[in-house]
Amino acid sequence: MKNKTQHFDPNDFEAVKNIALSFPGAEESISHEGTPSVKVRGKLMCRLHDSGEFIPIRLNFEIRDHYLEHYPEIFHLPDHFKPYPYLCMWIHHYDKRLLQEILELSWKSLATKKQISEYEAEKKNNDL
């Protein structure tokens, strides 16, 4: 087995990871090439790409296309990711509010209906 040179800094994923882990059932994990990731119910929500340049975030195709169109300076879609429900965010070009919004959408696509309803109820109570 070949040893690949690590091209990423796990610290670049910290802000994303901390937001992603704030959602119920989200768990820290390790993914492709030893990259840090967050999963929900064993399914990948987001991870640091092994190139260290971007973060793939799971989103359905329609939502993905919306963000690609409206925020081309923040998001892109490498050819490899086109057939998959992921949006790729440049590692150092993001807005925290936008990141929170996208990670919540990603989480909702993976969470159970019960987790979502409990989350929404708690969120509503906190807004009161």
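This text follows the structure it describes.
Described in the following lines is the structure provided in the data block.

A tally of regular secondary structure across the chain gives four helices and six strands. Mapped in sequence order, the helices and strands of the chain form the string α-β-β-β-β-α-β-β-α-α. Looking at the 128 residues of the chain, the share that counts as buried comes to 40%. The long-range fraction of contacts in the chain, counting pairs at least 24 apart against all pairs at least 6 apart in sequence, stands at 52%. About 7,800 Å² of surface is accessible on the chain, with carbon and sulfur atoms providing 50% of the total. With 17 positive and 20 negative side-chain charges, the chain shows a spacing of 6 Å between the two charge centroids.

Below, the discussion takes up the nonpolar core. By size, the foremost hydrophobic cluster in this structure holds 36 residues, and its most contacted members are M45, C46, I55, F75 and L103. Secondary-structure elements contributing two or more residues to this core are α1 (14–20), β2 (36–40), β3 (43–47), β4 (54–58), α2 (61–70), β6 (86–90) and α3 (96–110). Counting residues per element, this core draws most heavily on α3, which supplies six residues. When near neighbours in sequence (up to four residues on either side) are disregarded, L103 contacts V16, I19, A20, F23, M45, C46 and I57.

With that settled, the discussion passes to α2. For α2, the full list of buried residues reads R64, Y67 and L68. Seen from one end, α2 has its buried residues packed into an arc of 100 degrees, which puts them on one side. Turned more than 90 degrees away from the buried face of α2, the exposed residues are E62 and E69. In this fold, the buried residues of α2 make contact with β5 (75–76), β6 and α3. Capping of α2 at its N-terminal end is provided by N60; its side-chain oxygen lies 3.1 Å from the backbone amide nitrogen of E62.

With that settled, the discussion passes to the packing of aromatic side chains. Evaluation of the coordinates by the stated rule reveals nine aromatic pairs. Seen from their ring centres, F54 and F81 are 6.0 Å apart, and the 80 degrees between their planes marks the pair as edge-to-face. One end of the pair, F54, is in strand β4; the other, F81, is in the loop between β5 and β6, with 27 residues separating them in the sequence. Each member of the pair F54 and F81 is classed as buried. With 5.9 Å between their ring centres and 20 degrees between their planes, Y67 and Y71 make a pair best called stacked.

Turning next to the pairing of β6. With four of five residues buried, β6 lies mostly within the body of the structure. Relative to β6, β4 runs antiparallel, the two being bridged by five bridges. Bridged to I55 within β6 is M89. Inspection of the sheet shows β5 paired to β6 by two bridges, in the antiparallel sense. When the sheet's bridge partners are listed, H76 is paired in β6 with C88.

The rules we used
Residues numbered from 1 in each chain as written. Predicted model: local features only at pLDDT ≥ 70, side-chain atom pairs only at ≥ 80, totals over all residues. Heavy atoms only, no water. Helix = DSSP H or I, 4+ residues; strand = E, 2+ residues; numbered from the N terminus. Buried < 20%, exposed > 50% of the residue type's maximum accessible area, 1.4 Å probe, protein only. Contact = heavy atoms within 4.5 Å. Areas by Shrake-Rupley, 256 points an atom, 1.4 Å probe, with all protein chains shown as cover. Lys, Arg positive; Asp, Glu negative; His and termini not counted. Charge placed at Lys NZ, Arg CZ, Asp CG, Glu CD. Core = buried A, V, L, I, M, F, W, Y, C linked by side-chain atoms within 4.5 Å. Arc of directions from axis to C-beta. Polar contact = N/O pair within 3.5 Å; in protein donor to acceptor, adjacent residues only side chain to side chain. Phe/Tyr/Trp six-rings, centres within 6.5 Å; stacked < 30°, edge-to-face > 60°. Pairing = 2+ DSSP bridges.

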